[in-house]
Every structure is written in structure tokens, then in C-alpha cells.
Amino acid sequence: MKKLIKNGIVVTAADTYEADLLVDGEKIIEIGRNLTADDAEIIDAKGAYIFPGGVDPHTHLDMPFNNTVTDDDWETGTIAAAFGGTTTIIDFCLTTGDDTLEKAVARWHGKAEGKAAIDYGFHLMLANLDEKVLEELPLLLEKEGITSLKVFMAYAKEFQADDRTLFRAFKAAKEAGALVMVHCENGSVIDELVTKALAEGHTEPIYHALTRPPEAEGEATHRAIELAHMADSQLYVVHVTCAEAVKQIAEARAKGYKVWGETCPQYLVLDQSYLEKPDFEGAKYVWSPPLREKHHQKVLFDALKAGILQTLGSDQCSFNFNGKKQLGRNDFSKIPNGGPFIEDRFSIFFSEGVKKGILSLNQFVDIVSTQPAKLFGLFPEKGTIAVGADADLVIFDPEVKRVISAKTHHMNVDYSAFEGMEITGEPISVLCRGNFVIKDKKFIGQPGSGKYLKRKKINQGALQSPTAATV
Ligand code: URP
Ligand code: ZN
Ligand code: ZN
Ligand code: ZN
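Residues numbered from 1 in each chain as written. Chains lettered and ligands numbered in written order. Predicted model: local features only at pLDDT ≥ 70, side-chain atom pairs only at ≥ 80, totals over all residues. Heavy atoms only, no water.

The protein chain is annotated in an unreviewed UniProt entry as Dihydropyrimidinase from Heyndrickxia coagulans. Here is the UniProt Sequence similarities (unreviewed entry) comment for the protein chain, exactly as written: "Belongs to the metallo-dependent hydrolases superfamily. Hydantoinase/dihydropyrimidinase family." As its UniProt record puts it under Cofactor (unreviewed entry), the protein chain is described as follows: "Zn(2+)". (UniProt positions renumbered as here; feature names shortened; annotations may be inferred.)

Next comes the structure, spelled out in C-alpha cells:
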């Protein structure tokens, strides 16, 4: 049955206008005023915005990490994402511990299949790029439609790649038409600072932040930028948190380097003081890079506004406080790194960005949906509202006020990093490829109905040049 969404205000990265939308099967087939259709389910969206479904380019679901595994899997994680207005995620497929890339990707498919309630793709994380991996890589990327790699410059004891590996990744990505995403922090210096702090008897959560200074992020960001440039390749800096890193990205883009950047809602609204909460509660806010001093928040908002940063990822990576976070009770370096953000990314950004007058509605859509879709080879099927695009739609009440709480969220985790925060705006109904996943704030979707997305290569037009960035 067709669906006719009437009287809403359609918002894309470019326009805001009143229109009806006609959906047939998975696609939007008509946009216009006073549309009619005999055989359609009518949905009245009066007073609501219709946004393209959110595209979250940064999630870690069911991921082994820091000697444990994240608490949200592909079912709880994607359902929570849908409640929050996200209809596509791109998750990081780990390759450590598997003898071939193919096995690693097969393992990730196994985690998602039968569980994902929204559409999804994979980035391929690489810690090693020896001859064997270099040989397998292009074939695997082609076969799987994977067009982004991930390299960590941090986590000395787990994922950290050396500069040779990073440089090889940039070279290989250029050949393959892929984008390299990099976690930019100097892992070796951090490891040294952590060892010293522990030797001095500092075990509390705040030392997570104190041993990962913004300079370690700025330095690694600069190094990644230059390595990418030397390889004539492209760089996407994940989870940018501070002025030091923004400065590097801004300078590189001004020179025409192919560098893009992402930040996350937690860095926009929370600060380092949260790690000082008593009774080990600071552990709830331990992730990397760490929360920064408050003045960095404005720098990040300004960078988004100016197009220096283009996207907002959630960096969803949840661990229960009365569970896995306790692993670090006596040693901050053993607190699993990560937090629950997949559900709140979209609404917090709307409330803090649009409602507070920092961003336009169109900039909001661009950052939470359109730019991630473009950068990761999913546009125009994802990331916009247009005839022929997938009917991934969020019917959004822009006026409702609510308080974020773990009591009402849908993530499989016993705390919210944003507990008690008052925000304005909430998704009422969410469609993924024409099917309701959320209807009137209730989940009516189907775990397993999410589709794996093969993505376009960046040399097939998925990327814009830096100078064409939206402002
Ligand atoms: O602390 C974090 N961010 N955990 C997830 C892994 C990563 O670095 O993105
Ligand atoms: Zn990271
Ligand atoms: Zn330099
Ligand atoms: Zn991450």
C-alpha cells in the first residue's frame, strides 16, 4: 500500500517547504501540494518537519573492545537509533584476530543479519597492512561495496597502527576509491602519560582526560593530514573534540587538502568536569578522545557552522555502568572506553543547534544526514528527500519538550550520558525504505529488516572537494 504524508514541512540540506510526499514501496515517488492517491494510507504531518532519515557514520555495535564487548548489539542498537531518527548506520568492522579480511567481514555480517532494524554499511578497520592484507584488500572492498577504511593512531595496547601502516592505508584507499577514517590521538605519548599517572597512584576516572591532552589530538591530526597529503589521498577525521584539531583541519582545507571532519553530540554539550563526579560515576563519561574543557564546545559548533567539520557521528559504544565500566574501578585505564549516544544524536543536535539559533534547519539536515550520505557513497538514495530517493523519513515534532533519561531510552545500557538534559523536539514516526520502523513513538519495525548497503567509491563522485563545502 502506498503512503501519503500530508501537510508536513519538508526540510533538506537545501530547502524548507510545505509539501505532501507520496511513497510507493521503498521509494518517494511524488512531492507536491495537495497530492491525492486513492489507494494510499494517509499520514497527517501537520505542524511537523519531515527530515530525511539520519545517517550515523560512526557506530560500534556488538564490538569486542578493552577486554570486553559493547552492551548494545545490532538489535537494541538499531532500534534505539530508529527511535532517535536515524535510519542508516555505518559500523566499524574489526579485522583484528581474523586471518583474512573476508572472515572478518563475514563475522560482522553475522552480527547484523536478523537483527538490524534499519539499513547499514560497514567501514573496514585495519591495524595491519602487510603484503597479504594489501593483496586481499581491493578485492574485498569491491566485493562488499565497502568504500571506507578505519585506522587508529591511539589505543597502544590494542588497535594502534604505526605511521607506515597509516601511510599504506592512504595509498591503498586512493587506489580503491575509498576514504580513510582516522582516530587521531598520539597513542604512544598517551600510553607514557597513563603509565606515569598510575605509577604516581592516580587511579580515578578524571585521569583518563588528564592523560589524553588536546595536544595529543592536535598533533596526531596534523600527522594524519600530512600523511594523507603525501599519499595524495583523502582523510576523514573521526570524533574531533578540540580547538587544536579543528585548527589543523581548517588550515589543511584552506590549502585544498582533501580532509573532512566529524564531531559528536557528547563533545558539544558535555565537558571534562563530568569525569570528576564522585563514587566512580565519572566512569560513565570515559571515552576517547576524552571530554574537553567547556570552551572547546563553541569551537566545534563554529567549525560545523563554517563547514570546517561536516558531519555528526554518535560514536555509539555502550557499556553498562553497573557492569563493564566497573572493570576500571581501581584503575582508570581499564574502564572500557565508550558511551551510549546512538539514540540522542539527532534530537540533541536539533535542540542545541537549531533551537538555540546556532544552525539553520538546512545545516542541521546537512550535518546529520546529507553530508554523511555523500561522504560515504550513499547519496542520493540516502541523505535527502527527492523523487526516486529511498523513503527514509523522520516525522519530527519540533516543539515538544522532554527530559532525556535512561528510564525512557531504548539503548541496552543502565545510564544516559545526558541524564536530566531538557531538550526540544522528538521524532514521532520514522520510516526506513517506506516502512514504518517507529509509528507514533512506538517501535513497529522488524529486527532483520535492515538492508546491508553496498556503497559508491569516492572517485565515482561520492566526495565533494573541500572548497565546495557547504557553509
Ligand atoms: O571511546 C570510544 N570512542 N570508543 C569507541 C572506539 C573509538 O575510539 O571510536
Ligand atoms: Zn575512536
Ligand atoms: Zn606540517
Ligand atoms: Zn568510535
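Now that the structure has been shown, the text picks up again.
1. Focus: the pattern of salt bridges
Summed over the entire model, instances satisfying the criterion amount to 34 salt bridges. In this structure, D62 engages K111 in a salt bridge whose closest nitrogen and oxygen atoms are separated by 3.7 Å. One end of the pair, D62, is in the loop between strand 6 (54-59) and strand 7 (64-65); the other, K111, is in helix 2 (residues 101-112), and 49 residues separate them in sequence. Where E281 meets K284, a salt bridge forms, and the shortest distance between an N and an O atom there is 2.9 Å. Among the ionic contacts, a cluster of salt bridges with common partners joins E26, K27, D119, K382, D390, D392 and R433. (Salt bridge = Lys/Arg side-chain N within 4 Å of Asp/Glu carboxyl O. Helix = DSSP H or I, 4+ residues; strand = E, 2+ residues; numbered from the N terminus.)

2. Quick look at the coordination of the zinc ion (ligand 2)
Distances from the zinc ion (ligand 2) to its protein donors, H183 (ND1) and H239 (NE2), fall within 2.0 Å. For the zinc ion (ligand 2), the 4 donor atoms are set out with angles of 56 to 153° between them, so the coordination reads as irregular. The metal-metal distance between the zinc ion (ligand 2) and the zinc ion (ligand 4) is 3.9 Å. Of this pair, H183 sits in strand 12 (residues 179-183) while H239 sits in the loop between strand 13 (235-237) and helix 8 (243-254), and the two are 56 residues apart along the sequence. Take H183 and H239: they sit in the same class, and that class is buried. (Donors = N, O, S within 2.8 Å, 3.2 Å for Na, K, Ca; no water. Tetrahedral: all angles 85-135°; square planar, octahedral: opposite > 155°, others 65-115°. Buried < 20%, exposed > 50% of the residue type's maximum accessible area, 1.4 Å probe, protein only.)

3. Considering the UniProt feature "modified residue: N6-carboxylysine" (unreviewed entry) in the protein chain
As annotated by UniProt and renumbered to match this structure, "modified residue: N6-carboxylysine" (unreviewed entry) occupies K150. By secondary structure assignment, the location of K150 is in strand 11 (residues 148-152). What makes K150 buried here is its relative accessible area of 1%. In this structure, K150 is in contact with H58, H60, F92, L124, M125, L126, M181, H183 and V238, ignoring residues within four places of it in sequence. (Contact = heavy atoms within 4.5 Å.)

4. A closer look at the site of ligand 1
In the vicinity of ligand 1 lie 13 residues, with Y155, H183, S288, D315 and N337 positioned nearest. Within the contact set of ligand 1, an oxygen atom lies 3.4 Å away from a side-chain nitrogen or oxygen of H58. The contact in question runs from an oxygen atom of ligand 1 to an N or O atom on the side chain of H239, over 3.5 Å. Protein chains shield 100% of the accessible area of ligand 1, which is 270 Å² for the free molecule. Classifying every residue of the shell around ligand 1 gives 5 nonpolar, 7 polar and 1 charged. (Near = heavy atom within 4 Å. Polar contact = N/O pair within 3.5 Å; in protein donor to acceptor, adjacent residues only side chain to side chain. Areas by Shrake-Rupley, 256 points an atom, 1.4 Å probe, with all protein chains shown as cover. Nonpolar A, V, L, I, M, F, W, Y, C, P; charged D, E, K, R; others polar.)

5. A closer look at the coordination of the zinc ion (ligand 3)
Listed as protein donors to the zinc ion (ligand 3) are H222 (NE2) and E226 (OE); their distances from the metal cover 2.4 to 2.7 Å. Of this pair, H222 and E226 both sit in helix 7 (residues 214-230), separated by 4 residues, roughly a single helical turn. Take H222: its relative accessible area is 35%, and that puts it in the partly exposed class.

6. Looking at the state of the cysteines
Counted according to the given criterion, the structure contains 0 disulfides. Considering cysteine sulfurs only, C317 is the nearest to C93, which forms no disulfide, with 15 Å between them. For C93, a relative accessible area of 0% translates into the label buried. Counting only cysteine sulfurs, C184 is the nearest neighbor of C242, a cysteine outside any disulfide, at a range of 10 Å. (Disulfide = S-S within 2.5 Å.)

7. Details of helix 1 (residues 74-83)
The element helix 1 is extensively covered by neighbouring structure, given that 8 of its 10 residues are classed as buried. The set of residues buried in helix 1 consists of W74, G77, T78, I79, A80, A81, A82 and F83. Taken together, the buried residues of helix 1 touch strand 9 (86-93), helix 2, strand 10 (119-125), strand 17 (422-432), strand 18 (435-439) and strand 19 (442-443). For helix 1, the N-terminal capping position is held by D73, with its side-chain oxygen 2.9 Å away from the main-chain nitrogen of E75. In the segment just after helix 1, G85 is the residue with positive phi, at about 95°.

8. A short note on the packing of aromatic side chains
With the rule as written, the count across this model stands at 29 aromatic pairs. Ring plane angle 35° and centroid distance 4.9 Å describe the contact between F152 and F159, whose orientation is recorded as tilted. Side by side, F152 and F159 carry an identical accessibility label, which is buried. Grouping aromatic residues by their ring pairs yields a cluster made of Y49, F51, F301, F346, F349, F350, F364 and F396. Cation over ring: K284 sits above F321, and NZ or CZ is 5.0 Å from the ring centre. Taking the ring centre of F379 as reference, the NZ or CZ of K374 above it sits at 4.8 Å. (Phe/Tyr/Trp six-rings, centres within 6.5 Å; stacked < 30°, edge-to-face > 60°. Lys NZ or Arg CZ within 6 Å of the ring centre and 35° of its normal.)

9. Overview of the environment of F379
Position of F379 among the secondary structure elements: in the loop between helix 12 (361-375) and strand 16 (393-403). Linking F379 and A106, residues 273 residues apart in sequence, is a C-alpha distance of 25 Å. Each residue touching F379, except ones within four places of it in the same chain, is listed here: T370, A373, K374, T384 and K456.

10. As for the sheet that holds strand 13
Backbone-to-backbone hydrogen bonds pair the strands of a sheet. The strands run either parallel or antiparallel. One open sheet accounts for 8 strands, arranged 6-9-10-11-12-13-14-15; its pairing is parallel. Two strands bound the open sheet, and with one partner strand each, they are strand 6 and strand 15 (311-312). Direction of pairing for strand 10 relative to strand 11: parallel, over a ladder of 2 bridges. Bridge pairing in strand 11 links M125 to K150. Lying on the sheet, helix 7 is in contact with strand 12, strand 13 and strand 14 (259-263); it crosses strand 13 at an angle near 165°. (Pairing = 2+ DSSP bridges. Axes fitted to C-alpha atoms, helices over the stretch in contact; angles between N-to-C directions.)

11. Quick word on unusual backbone geometry
Look at the link from S288 to P289: it is a cis peptide, with omega at -10°. Turning to its location among the elements, P289 is positioned in the loop between helix 9 (265-269) and helix 10 (295-305). Across the junction of F379 and P380, the peptide omega takes the value 5°, indicating a cis bond. With respect to the helices and strands, P380 occurs in the loop between helix 12 and strand 16. Despite not being glycine, D62 shows a phi value in the positive range, around 50°.

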